[in-house]
Amino acid sequence: MSPAQASSGETYMPAIAQALGVSVQEITFARIIRKSVDARGRSIKINMSFQVYLDEEPASNLENEYQYQPVENKPEIVVVGAGPAGLFAALRLIELGYKPVVIERGKPVHERKSDIDLLESNHILNRESNYCFGEGGAGTFSDGKLYTRSKKRGDISRILEILYIHGADESILYEAHPHIGSDKLPGVITNIRKTIQGAGGVMSFNTRVTDLKLVDGRIDYLVTDKNEKIRGNAYIFATGHSARDVYFMMQSKGILLEAKPFAMGVRVEHPQGLIDQIQYHGHKDRHLPAAAYNVVEQVNGRGVYSFCMCPGGQIVPSATNESEIVVNGMSLSERNSPFANSGIVVQVMPEDYRNYQNLEGLAGLRLQELFEEKAYRQVQNGQRAPAQRLTDFVSNRNSQNLPVNSYLPGTVMSPMHEWMPDFIKRNLQEGFKKFDTKMRGFLTRDAVIVGVESRTSSPVRIPRDPESGSHTRISNLFTAGEGAGYSGGIVSSAVDGENMAASCARFAAGS
Ligand SMILES: Cc1cc2nc3c(=O)[nH]c(=O)nc-3n(C[C@H](O)[C@H](O)[C@H](O)COP(=O)(O)OP(=O)(O)OC[C@H]3O[C@@H](n4cnc5c(N)ncnc54)[C@H](O)[C@@H]3O)c2cc1C
């Protein structure tokens, strides 16, 4: 179908009726099953599949498929962290008949929004309430992209359906590249909290887990920053990969952690109109969404690739400490800002952090931390971030000025080619040149790079026993989501949270 024809029921219903050889009046209900943009050819097409009902109404109602029965008096399982992994673990525990006790260092999502506003306007970074920490976790004020490379479709559908019944738009159930948007996510997260609390689960905010007591290879209790002791039948740590204090605390307790591959680089921002021009071959019309892209190249034996591309979005400050700069991207549901940003990152290899081998499992994390601190030292002005015109960076040239960009705390001209680790600089430079051969016009003076994009995935893995799912050496410790090093992104972290809840429930049933 043409983008115009696909844009509303009024225009696509006649096409369905014609394909089925019936009249529009005979169709009682048509549900979109799949929708994707095909921009490969000169004329842009929208591919759509439908489930069509003739003379009957659809029977099933998704709300009835997910039941959260009361669990007030059921065995308690402690979930640390209310990001996608923690929240979906909590929901699954309720389904399995356990009472989740969720402990979150940050604030409830709407209070968290005020801290984010302060961060963007006044550079006041609240270490416990920011783009990474607080109810909903790191993905809350984001583009809310819900696609994942994971192939377990059944699990993914569950996550999308649960988000939908908690208020996300129906389109996430059929779009090939679903996303929710920063303006809609807080409402969805609030509804998930209400489901958890409504079933008798506990959500404690402004409470940070600072320590744990190990006895005979098991956690006896957790300790919070309020000096409370928290006990449960088992413990799920879903603390994300920005919670460095959790990794250090675990390492100090002798809990085995492993360094794992990750990637670092910069965020690049173009005018959205230019990306539309490239991706839609000059045929963007008002019925087409802001164009996205996905680029990947091998450079000197390393992957260089786009990460978390945000069409019509904004670059945001994602640090969790005042003396570091970390950027990421977000967008609203309409994806209607004039900018297109994406992380462009280089694979990090073990040889890159060999100088920090004494830190064992945290060696990669140390490299990541140093990169972020270095970015901060270039500017040393709150959360203002170093930036350079893309063409200047690739040519090892200082910028004389910067294009207007979306990063609200402000960007400052910086010779990023001079201070970046050599392996990141050289591979990014080559990568950008290669991207331009695939997307002509990508390498342009109108694009800006902003540093640094360092938290793409976790540099640490907390190893799991493949059978039980628990830590290899601590039987009642389960780790879920991105911080565990087994997922990346909202959906795969949510799936991992659900899986760990199931493992934990099996453990609790047998313990
Ligand atoms: C700005 C931004 C945009 C993003 N955009 C997207 C996107 O569009 N699509 C996508 O798939 N992914 C996106 N991501 C990545 C995505 O958010 C993460 O992959 C995902 O949130 C990981 O989920 P998680 O539950 O494992 O961890 P997190 O979301 O990091 O959640 C961990 C939670 O644990 C809490 N916590 C940490 N330590 C403690 C402690 N000691 N005690 C108590 N609580 C603690 C934290 O406050 C946090 O709420 C984005 C990330 C950012 C920062």
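Residues numbered from 1 in each chain as written. Predicted model: local features only at pLDDT ≥ 70, side-chain atom pairs only at ≥ 80, totals over all residues. Heavy atoms only, no water.

A. How the structure looks around the pairing of strand E7 (residues 218–224). Most of E7 sits out of view: five of its seven residues are buried. In this sheet, E7 lies alongside strand E6 (residues 209–215) in antiparallel orientation, the contact comprising six bridges. Counted as the bridge partner of lysine 213 is tyrosine 221 from E7. Hairpin connection between E6 and E7: a loop of two residues separates the two successive antiparallel strands, and aspartate 216 in this loop has a positive phi of roughly 50°. Of the pairings in the sheet, the one linking E7 to strand E8 (residues 229–230) comprises two bridges and is antiparallel in character. Residue pairing in the sheet places valine 223 in a bridge with lysine 229 of E8. Here E7 folds back onto E8, and the loop between the two strands holds four residues, one of which, asparagine 227, carries a positive phi near 65°. (Buried < 20%, exposed > 50% of the residue type's maximum accessible area, 1.4 Å probe, protein only. Helix = DSSP H or I, 4+ residues; strand = E, 2+ residues; numbered from the N terminus. Pairing = 2+ DSSP bridges.)

B. A look at helix H1 (residues 9–20). Under the 1.5 Å per step criterion, the end-to-end length of H1 is 16 Å for twelve residues, consistent within 8% with the ideal 16 Å. Listing the buried residues of H1 in full gives Tyr12, Met13, Ile16 and Ala17. In an axial view of H1, the angular spread of the buried residues amounts to 145°, which keeps them on one side of the axis. Exposed positions of H1 whose direction lies more than 90 degrees from the buried face are Gln18 and Ala19. Considering only its buried residues, H1 is in contact with strand E1 (27–38) and strand E2 (45–54). Downstream of H1 by one or two residues, glycine 21 has phi in the positive range, about 70°. (Expected span 1.5 Å × (residues − 1). Arc of directions from axis to C-beta. Contact = heavy atoms within 4.5 Å.)

C. Molecular detail of the site of the ligand. Within the structure, the ligand sits among 38 residues, and Glu104, Ala138, Gly139, Glu482 and Ile490 are positioned closest to it. Backbone polar atom of isoleucine 490 to an oxygen atom of the ligand: 2.7 Å apart, as the coordinates give it. In isolation the ligand has 1,000 Å² of accessible area, and contact with the protein removes 96% of it. Within the residue set of the shell around the ligand, elements represented by two or more residues are helix H3 (84–95), strand E15 (327–331) and helix H13 (490–510). Here the shell around the ligand is composed, by residue class, of 16 nonpolar, 16 polar and six charged. Both domain 2 (70–257 + 462–510) and domain 3 (260–453) contribute no fewer than three residues apiece to the shell around the ligand. (Near = heavy atom within 4 Å. Polar contact = N/O pair within 3.5 Å; in protein donor to acceptor, adjacent residues only side chain to side chain. Areas by Shrake-Rupley, 256 points an atom, 1.4 Å probe, with all protein chains shown as cover. Nonpolar A, V, L, I, M, F, W, Y, C, P; charged D, E, K, R; others polar. Domains from an automatic or database assignment.)

D. Representation of the packing of helix H7 (residues 244–252) against helix H9 (residues 363–379) in the model. One way to put it is that H7 packs onto H9 with a least axis distance of 12 Å and a crossing angle of 145°. The handedness of the crossing between H7 and H9 comes out as left-handed. Along the contact surface, H7 presents Arg244, Tyr247 and Phe248, while H9 presents Leu365, Gln368, Glu369 and Glu372. Taken together, the residues of the contact of H7 with H9 break down into three nonpolar, one polar and three charged. (Axes fitted to C-alpha atoms, helices over the stretch in contact; angles between N-to-C directions. Left-handed = near helix turned anticlockwise from the far one by under 90°.)

E. Just the domain arrangement of the protein chain, in detail. In terms of domains, the protein chain is made up of domain 1 (5–59), domain 2 (70–257 + 462–510) and domain 3 (260–453). Residue-level contacts link five residues of domain 1 with four residues of domain 2. A combined buried area of about 500 Å² lies between domain 1 and domain 2, and 47% of that area is made up of carbon and sulfur atoms. Summed over the three residues of domain 1 that lose the most area to domain 2, namely Ile32, Arg34 and Lys35, the buried surface amounts to 78% of that side. Across the contact surface, domain 1 and domain 2 share zero salt bridges. For the pair domain 1 and domain 2, the interface holds two residue pairs in polar contact (both at pLDDT 80 or more). Counted by class, the side of domain 1 that touches domain 2 contains two nonpolar, one polar and two charged residues. (Buried area = accessible area lost by both parts, 1.4 Å probe. Salt bridge = Lys/Arg side-chain N within 4 Å of Asp/Glu carboxyl O.)

F. The arrangement of the side chain of lysine 425 in detail. With respect to the helices, strands and loops of the structure, lysine 425 is situated in helix H12 (residues 422–438). Despite its burial, lysine 425 pairs with no opposite charge; the closest candidate is aspartate 422, at 4.1 Å N-O. Apart from residues lying up to four places away in sequence, lysine 425 is in contact with Phe393, Asn396, His417 and Met420. (Lys, Arg positive; Asp, Glu negative; His and termini not counted.)

G. Broad picture of the nonpolar core. With 61 residues, the main nonpolar core has Val268, Ile344, Met420, Leu428 and Phe432 as its most contacted residues. Counting contributing residues per domain, this core is built from domain 1 (5–59) and domain 3 (260–453), each supplying no fewer than three. Beyond its immediate chain neighbours, meaning those up to four positions away, phenylalanine 432 contacts Val266, Val268, Ile344, Leu390, Phe393, Val394, Phe442, Leu443 and Ile449. Among the nonpolar cores identified, the runner-up in size contains 57 residues, and Ala85, Leu146, Leu160 and Ala168 belong to it. (Core = buried A, V, L, I, M, F, W, Y, C linked by side-chain atoms within 4.5 Å.)

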